[in-house]
Amino acid sequence: MVNKTIKSVLYLTIFLLNFSTLAHDYSEVWEKAHKSTVVVLPTWPGYNKPGFGAPAGTAPAGTGFYLSLNKKEKMTNYILTAAHVIKNAKIVEIKNYNNKSEKVDVILTDFKTDIAILKSKKKGQSVLVTKKKIKYGNEVCLIGNSFGLGQSLSCGIVSGLNRTRLGFNPIEDFIQTDAAVNPGASGAPLLNKEGQLIGMVDAIYTKEADIDAGVNFAIDIKLIEKFLNKYASQIK
């Protein structure tokens, strides 16, 4: 009887460990989205290379991602990032997943929503946009250039929805997440566990220092799509 009990406990422990491993395996997110993500490298007036002279409160580099504006093309020239990442930059470069650099054009910058559109000469793989409803507790990940280290994956859950009037931007509709966000990750794609886009990382809620405190915000895909529809005629 004792041996049977011990065996049952062991089997249950092994099952739970295996289940836990499967439940928190985010490798699919990385495989589906990392090729769509880029490092954004602004060069500011008075400097000849990225990373120097960043405006106060702005990280030396950021993140962006390829996004098909009509949702039909698998490959696209258009890249979304946070507008504050490239504020006042005279030159903007990107570095893709295999470390190849390219200068890009700034097509549109809107500081009301903090969304900017860049255009590269070479096409990149567009991230897929979710068709699912976003819910509290959904597992999410982001691929960002935290602290300028290059592409990094961090994951968490949806902590809140429809966050507004936080004072970051004049127009706000944020998804709140506890996925780790640090300087350099602004403009990163926020993804569901299938690797589909649900938002764009934009802000860290902290009063003491510009480091992750577990209360982070991404622009909801609904606001991104509204922005793209509004300015569709200006994007060429």
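Residues numbered from 1 in each chain as written. Predicted model: local features only at pLDDT ≥ 70, side-chain atom pairs only at ≥ 80, totals over all residues. Heavy atoms only, no water.

**Topic: the overall build of the protein**
Secondary structure assignment for the protein yields three helices and twelve strands. By residue count, 45% of the 236 residues in the protein fall in the buried class. Partitioning the intrachain contacts of the protein with sequence separation of at least 6 by distance along the chain shows that 65% fall at a separation of at least 24. Just so you have it, the protein exposes about 12,900 Å², and 55% of that area is on carbon and sulfur atoms. (Helix = DSSP H or I, 4+ residues; strand = E, 2+ residues; numbered from the N terminus. Buried < 20%, exposed > 50% of the residue type's maximum accessible area, 1.4 Å probe, protein only. Contact = heavy atoms within 4.5 Å. Areas by Shrake-Rupley, 256 points an atom, 1.4 Å probe, with all protein chains shown as cover.)

**Some details on the state of the cysteines**
The final tally for this structure, using the stated rule, is one disulfide. Residue Cys141 pairs covalently with Cys155 via a disulfide, S to S 2.1 Å. Residues Cys141 and Cys155 are joined by a disulfide whose S-S torsion is about 105°; by sign, that bridge is right-handed. Of this pair, Cys141 sits in strand 7 (residues 139–144) while Cys155 sits in strand 8 (residues 152–163), placing them 14 residues apart in sequence. (Disulfide = S-S within 2.5 Å.)

**Section: a nonpolar patch on the surface**
Nonpolar side chains collect at one region of the surface, where Leu166, Phe168 and Tyr205 lie side by side and expose about 240 Å² of accessible area between them. Along the chain, Phe168 falls in the loop between strand 8 and strand 9 (174–177). Assessed through its relative accessible area of 32%, Phe168 is described here as partly exposed. (Patch = residues over 30% accessible without salt bridge, like charges linked within 9 Å, V, L, I, M, F, W, Y side chains within 5 Å. Salt bridge = Lys/Arg side-chain N within 4 Å of Asp/Glu carboxyl O.)

**Remarks on the packing of aromatic side chains**
The relation between two aromatic rings is expressed through the spacing of the ring centres and the mutual angle of the planes. Considering all chains together, one arrives at five aromatic pairs under this definition. Their ring planes at 80° and their centres at 6.0 Å tell us that Phe168 and Phe174 sit as a pair that is edge-to-face. Measuring from centroid to centroid gives 5.6 Å for Phe174 and Phe217, while their planes differ by 45°, and the two rings are tilted. Of this pair, Phe174 sits in strand 9 while Phe217 sits in strand 12 (residues 216–220), and the two are 43 residues apart along the sequence. We note that Phe174, like Phe217, is buried. Members of the aromatic cluster, each reached through a chain of ring pairs, are Phe168, Phe174, Tyr205 and Phe217. (Phe/Tyr/Trp six-rings, centres within 6.5 Å; stacked < 30°, edge-to-face > 60°.)

**Considering helix 3 (residues 221–230)**
Within helix 3, burial applies to Ile221, Leu223, Ile224, Phe227 and Leu228. The buried residues of helix 3 occupy an angular sector of 160° when projected down its axis, which confines them to one face. Of the exposed residues in helix 3, those oriented more than 90 degrees away from the buried face are Lys226, Asn229 and Lys230. Packing partners of the buried residues in helix 3 comprise strand 3 (75–82), strand 5 (101–110), strand 6 (115–125), strand 11 (197–204) and strand 12. Where helix 3 begins, the capping side chain belongs to Asp220, and its oxygen is found 2.9 Å from the backbone nitrogen of Lys222. (Arc of directions from axis to C-beta. Polar contact = N/O pair within 3.5 Å; in protein donor to acceptor, adjacent residues only side chain to side chain.)

**Some thoughts on the environment of Lys95**
The residue Lys95 is located in strand 4 (residues 91–95) in this model. If we skip the residues at most four places from it in the chain, Lys95 touches Val38, Val39, Leu41, Lys100 and Ser101.

**A word on the sheet that holds strand 7**
If you walk around this closed barrel you meet the six strands as 7-8-9-12-11-10, and the pairing is antiparallel. The average angle at which neighbouring strand axes cross in this sheet is 45°, direction not considered. Sitting on the sheet, helix 3 is in contact with strand 8, strand 11 and strand 12, with an inclination near 40° to strand 12. (Pairing = 2+ DSSP bridges. Axes fitted to C-alpha atoms, helices over the stretch in contact; angles between N-to-C directions.)

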